[in-house]
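Listed below, chain by chain, are the residues.
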Amino acid sequence: MKFFTQAASLLLLSAAARAASDVIDLTQSNFDSEVNSEKLALVEFFAPWCGHCKSLAPHYEEAATELKTKEGIKLMKVDCTENQELCQEHGVKGYPTLKVFREGVAADYGGPRKADGIISYMLKQSLPAISEVTPETHDEFKTKDKVVVIAYAKSENDIAKAFKNVSDQYRDNFLFGYATDPSLAPSEAGFPSIVMYKKFDEGMVVAPEKPSALSAESLVSWLKEQSTPLMDQVSPENFATYAEQGIPLAYLFIKPDDSRLNSLVQSIKPVAKANKGKVNFVWIDGVTFVEHGKSLNIDTESYPGFVIQDMTPEGKGKKYVYPASGDKFNADALASWIQDFETGKLAPSLKSAPPPASQDEPVHILVGSEFDKVIFDDDKDVFVEFYAPWCGHCQRLAPIWDSLGEHFEDFKNTLTIAKMDATENDLPASAPFEVPGFPTLKFKRAGTREFIDYSGDRSLEALISFVTENSNNPIDFEDDHNSTEQVADEVEAEVGGDADAESGHHDEL
């Protein structure tokens, strides 16, 4: 009897928990009546077993309560395991899929998946691109979101067309308003002016130009620069914001439970302020994103660590690792090191595996530290594969590539067939290309600095023909050497005939 009593209590608690939820459950029978009657609603299409859906759930619940209570915006959800036909009707191909509905008309949700991000995004969706701000609404409006931008001008017509165009283009990113009452403009801004209110750093910043003088380009540049915190935590939720700015990104890698975290962030903020607009500064959870730290050449065994990733088009993602880490990390010396980076005095950090003790195999094992010596040997033609050990296409190419090296083994003095593990080795600054995916195959003719991309068939026969046709050095075989066709047949038999099947395909990073 006791068991049934406990079970009944659990059922009641479960029912109460469901009843307390502000997320509306949708099914095939109530979808249209619930969604079509709302001017604005957000719908999540999910599966109970989906890990990403489980991670989203508490944030979605929190956002639902906040938006329902303060803005009257409803959040809803559809269990696609129980409503498969409904989810197919709405083009759901993965979980979770979120869609914004305006009176039944759907649009893809393009916002974050944390509670505050969902709230901010849906709030912007509920307002016009630019809202009129009055004395009655001014104080509330300027604190309504994390970043609010208000143009103060005599009339709506006095606001530059650029401001209106930008507000429409970036309505998902920022909350825009205009006010025509001169008394509302902050005294330090004057009238007319454009002011950004933000819930971090200095709290308020005034645009350097008047509303009528701002170009769209300068306004967007100012918005992006000033809306970026001096030193925020970076995560998948906001990384794109930094990447899109196209300026170097400086990371402090640290364990989130490190007692020094807050003091280090505060000590670095003055450096970040002095370099605002030239370098963005962030701190990152070095435990959760340890692999990212390794990819940036950070010593992940010795936190805190600091590194700059040059995300400018010219920088090509090169890394500059601060020489002091762990207990030797010194934030006070950071300012001069950053200055050396900006003036081009620092050499990028090159990740390189140790060179093999000997190079006796037909395929040369290339490492980052020997890139220039091997690749830019003017006396040799060079054909190199950049691969990742986990890449399936690379694994299938491996025996063919080894056979390619064996085929040309008699020409080692004039031709190098090489391979480089791109997960363990960086390209040096001298490399005029990047590795966009795996495998990437590059050929350099002897006596040149130009690289030819190979994107043809990955059969041995095709690779041999390519090398023969493109080499500057002569390739002449003795009569008793196996023919190209014979060697190709042997290799294809060894790998199960998969060589042709892989032609033209690349795994992306």
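Note that the coordinates shown come from a computational prediction; the quantities given were computed from them, not determined experimentally.

Considering the overall build of the protein chain
Move 1: Each helix and strand in the protein chain was counted, giving 16 helices and 22 strands.
Move 2: Counting over 509 residues, the protein chain shows a buried share of 45%.
Move 3: Residue pairs at least 24 apart in sequence account for 71% of intrachain contacts in the protein chain once pairs closer than 6 positions are excluded.
Move 4: Of the accessible surface of the protein chain, which amounts to about 25700 Å², a share of 49% is contributed by carbon and sulfur atoms.

Thoughts on the sheet that holds strand β9 (residues 193-198)
Move 1: Spatially, five strands are ordered β6-β8-β7-β9-β10 in an open sheet, and the strand pairing comes out mixed. Only two strands of the sheet have a single partner each, and these edge strands are β6 (130-132) and β10 (204-206). Taken pair by pair, the neighbouring strands of this sheet meet at an average axis angle of 25°, ignoring direction.
Move 2: Where strand β7 (residues 147-152) meets β9, six bridges bridge the pair, whose relative direction is antiparallel. Each bridged residue has a counterpart across the sheet, and for Y152 the counterpart in β9 is S193.
Move 3: Across the face of the sheet, helix α7 (residues 161-169) comes into contact with β6, β7, β8 (175-179) and β9 while running at roughly 150° to β8.

As for empty space enclosed by the protein
Move 1: All told, the structure shown has one cavity of 30 Å³ or more when counted by the stated rule.
Move 2: Size it by volume and the largest cavity reaches roughly 40 Å³.
Move 3: If you trace the largest cavity, you find it lined by T228, P229, L230, A272, K276, V279, N280 and F281.
Move 4: Partitioning the lining of the largest cavity into residue classes produces five nonpolar, two polar and one charged.

Things to note about the confidence of the model for the protein chain
Move 1: Scored by pLDDT, the protein chain comes out at a mean of 87, with 90% of its residues at no less than 70.
Move 2: Counting contacts from residues 1-19, a segment whose pLDDT is below 50, to residues more than four positions away or on other chains yields zero contacts.
Move 3: Throughout residues 491-509 the model reports pLDDT below 50, and contacts reaching past four residues in sequence, or to other chains, amount to 40 contacts.

Considerations on the pairing of strand β2 (residues 41-46)
Move 1: With six of six residues buried, β2 is to be regarded as a mostly interior element.
Move 2: Note: β2 against strand β3 (residues 74-79), six bridges, orientation parallel. Bridge pairing links E44 to K77 in β3.
Move 3: Handedness of the β2-helix α3 (residues 51-71)-β3 crossover: right-handed.

Observations regarding the packing of aromatic side chains
Move 1: Tallied over the full model, the rule gives 27 aromatic pairs.
Move 2: The interplanar angle of 75° and the centroid separation of 6.2 Å between the aromatic rings of F306 and Y322 together place this pair among those described as edge-to-face. Of this pair, F306 sits in strand β14 (residues 305-309) while Y322 sits in the loop between β15 (319-321) and α12 (334-342), and the two are 16 residues apart along the sequence. Here F306 and Y322 have matching classes, each one buried.
Move 3: Between F433 and F451, the aromatic rings sit 4.9 Å apart at their centres with planes inclined by 65°, giving edge-to-face as the arrangement. With F433 in the loop between β18 (415-421) and β19 (437-438) and F451 in strand β21 (residues 451-454), the pair connects residues that are 18 residues apart, well separated along the chain.

Overview of the layout of surface pockets
Move 1: Of the pockets and cavities examined, the largest pocket occupies roughly 1400 Å³.
Move 2: In terms of lining residues, the largest pocket is bounded by 41 residues, among which P112, G117, S120, K146 and N173 are the most central.
Move 3: Listed by contribution, the elements that provide at least two residues to the lining of the largest pocket are α3, α5 (115-126), β11 (231-233) and α9 (239-245).
Move 4: Here the element with the most residues in the lining of the largest pocket is α5; it accounts for seven residues.
Move 5: When grouped by side-chain class, the residues that make up the lining of the largest pocket number 12 nonpolar, 13 polar and 16 charged.

Notes on the environment of F200
Move 1: By the secondary structure assignment, F200 is in the loop between β9 and β10.
Move 2: Overall, the relative accessible area of 13% leaves F200 in the buried class.
Move 3: Setting aside residues up to four positions removed in sequence, F200 forms contacts with K146, V147, Q226, S227, T228 and P229.

A few points about the sheet that holds strand β12 (residues 249-254)
Move 1: Within the open sheet, the five strands sit side by side as β11-β13-β12-β14-β15. Their pairing is mixed. Of all the strands in the sheet, the pair left with one neighbour each is β11 and β15. With direction set aside, neighbouring strand axes in the sheet form an average angle of 25°.
Move 2: Sheet analysis places β14 next to β15, joined by three bridges and oriented antiparallel. What sits directly across from Q309, in β15, is K319.
Move 3: Running at roughly 165° to strand β13 (residues 280-285), helix α10 (residues 261-274) makes contact with β11, β12, β13 and β14 of the sheet.
Move 4: In the packing of α12 onto the sheet, the strands contacted are β13, β14 and β15, and the crossing angle to β14 comes to about 20°.

Conventions and cut-offs
- Residues numbered from 1 in each chain as written.
- Predicted model: local features only at pLDDT ≥ 70, side-chain atom pairs only at ≥ 80, totals over all residues.
- Heavy atoms only, no water.
- Helix = DSSP H or I, 4+ residues; strand = E, 2+ residues; numbered from the N terminus.
- Buried < 20%, exposed > 50% of the residue type's maximum accessible area, 1.4 Å probe, protein only.
- Contact = heavy atoms within 4.5 Å.
- Areas by Shrake-Rupley, 256 points an atom, 1.4 Å probe, with all protein chains shown as cover.
- Pairing = 2+ DSSP bridges.
- Axes fitted to C-alpha atoms, helices over the stretch in contact; angles between N-to-C directions.
- 1 Å grid on protein atoms, 1.4 Å probe; cavity = no way out; pocket = protein on both sides within 12 Å on 5 of 7 lines; lining within 4 Å.
- Points joined across faces, edges and corners; volume = space filled by probe spheres on them.
- Nonpolar A, V, L, I, M, F, W, Y, C, P; charged D, E, K, R; others polar.
- pLDDT = per-residue confidence, 0-100.
- Right-handed = clockwise from strand over helix to strand, strands pointing away.
- Phe/Tyr/Trp six-rings, centres within 6.5 Å; stacked < 30°, edge-to-face > 60°.

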